[in-house]
Amino acid sequence: MRFPSIPTLIRTFHAFTNTTFRAANPARGIYSLPQRATLVRSMPNIPFLGALFGTKMADNTNYPIQKTEGEWQAQLSPEQFRILRKKGTEAPGSSKLDKHYPDAGVYTCAGCNAPLYKANHKFDSGCGWPAFWDAFPDAVGQRADPGLGMMRTEIVCNNCGGHLGHIFKGERFGNPKDERHCVNGVSINFSPEDKKE
Ligand SMILES: [Zn+2]
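Each chain has its residues counted from 1, following the order in which its sequence is written. Residues qualify for local features only when their pLDDT is at least 70, as the model is predicted, and side-chain atom pairs are given and counted only at 80 or more; totals for whole chains, interfaces and linings, by contrast, use all residues.

Named according to an unreviewed UniProt entry, the chain is Peptide-methionine (R)-S-oxide reductase originating from Didymosphaeria variabile. UniProt positions are given in the numbering used here, feature names are shortened, and annotations may be inferred rather than shown by experiment. Database annotation for the chain, UniProt heading Sequence similarities (unreviewed entry): "Belongs to the MsrB Met sulfoxide reductase family."

Okay, structure coming up:
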């Protein structure tokens, strides 16, 4: 296993500590900056950080499928490349898979064909993107995604690292798991065969 690059770790660490401080004590405000700087200066060694972020916050270098940017560009459509490899977002309501509710079948990664979701994981969230309340075990990874003035959790294909969308929790849609995988339709394909049971 290769470790994430140092700049990536520092960015992640910044985001992590920033969120922790905000969550722990929102009244702290301006004092959080010097504290963050101190934390980064006294940053623990890399193996410790690797353990801290674990598999859930995996870096791009850990995925079984490894391709260069040029190889992905040659394989994917421009829109797929923009979303899967550059963390783009498709326009809401634009995917034909949004209002797609088959009785059986599997949704696979558009980048590497790995099975990600079963037909019965899908539900109508009304948000404009395909929504799933669960995934195949270990098929979808999660990474902290700071930006847009908030901390969101990005979801990625655990086989190729392709960006799928974001996961939201505690919205009470009434599914067995109180989660919503908000997935770009461009990032997935549908196969009527059950590829994994
Ligand atoms: Zn993939």
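Asks: Got a minute to help me understand the pairing of strand 6 (residues 150-157) in this structure?
Replies: Consecutive residues of a regular strand have side chains that alternate between opposite faces of the sheet. Two elements, strand 5 (residues 140-147) and strand 6, share eight bridges in a ladder whose sense is antiparallel. Bridge pairing links Gly-147 to Met-150 in strand 6. In textbook terms, the turn of a hairpin is the stretch between consecutive antiparallel strands, and for strand 5 and strand 6 this stretch comprises two residues, one of which, Leu-148, has a positive phi near 55 degrees. Inspection of the sheet shows strand 6 paired to strand 7 (residues 163-169) by four bridges, in the antiparallel sense. By definition, two strands form a pair when at least two bridges between them are found by DSSP. Helix and strand assignments follow DSSP, with helices taken as H or I runs no shorter than four residues and strands as E runs no shorter than two, numbered in order from the N terminus.

Asks: Explanation requested: the environment of Asn-62 in the structure shown.
Replies: Counting through the fold element by element, Asn-62 comes out in the loop between helix 3 (46-53) and helix 4 (69-75). With C-beta atoms placed from the backbone, a residue is buried if 20 or more other C-beta atoms are within 10 Å of its own, exposed if 12 or fewer are, and partly exposed between those counts. Exposure remark for Asn-62: the 16 C-beta atoms within 10 Å place this residue in the partly exposed category.

Asks: What am I meant to see in the nonpolar core here?
Replies: Here is a general trend for soluble globular proteins: nonpolar side chains tend to be buried in one another's company. Ranked by internal contacts, the top residues of the largest apolar core, which has 23 residues, are Cys-109, Leu-116, Val-140, Cys-157, Leu-164, Val-183 and Ile-188. Sorting the residues of this core by element identifies helix 5 (78-85), strand 1 (106-109), strand 2 (115-118), strand 4 (131-132), strand 6 and strand 8 (179-183) as the ones contributing at least two each. Residues are defined as contacting one another if the C-beta atoms placed from their backbone atoms lie within 7 Å. Apart from residues lying up to four places away in sequence, Leu-116 is in contact with Tyr-107, Thr-108, Cys-109, Ala-135, Phe-136, Ala-139, Val-140, Cys-157 and Ile-188. Definition of nonpolar core: a set of buried Ala, Val, Leu, Ile, Met, Phe, Trp, Tyr and Cys residues joined via C-beta atoms within 7 Å.

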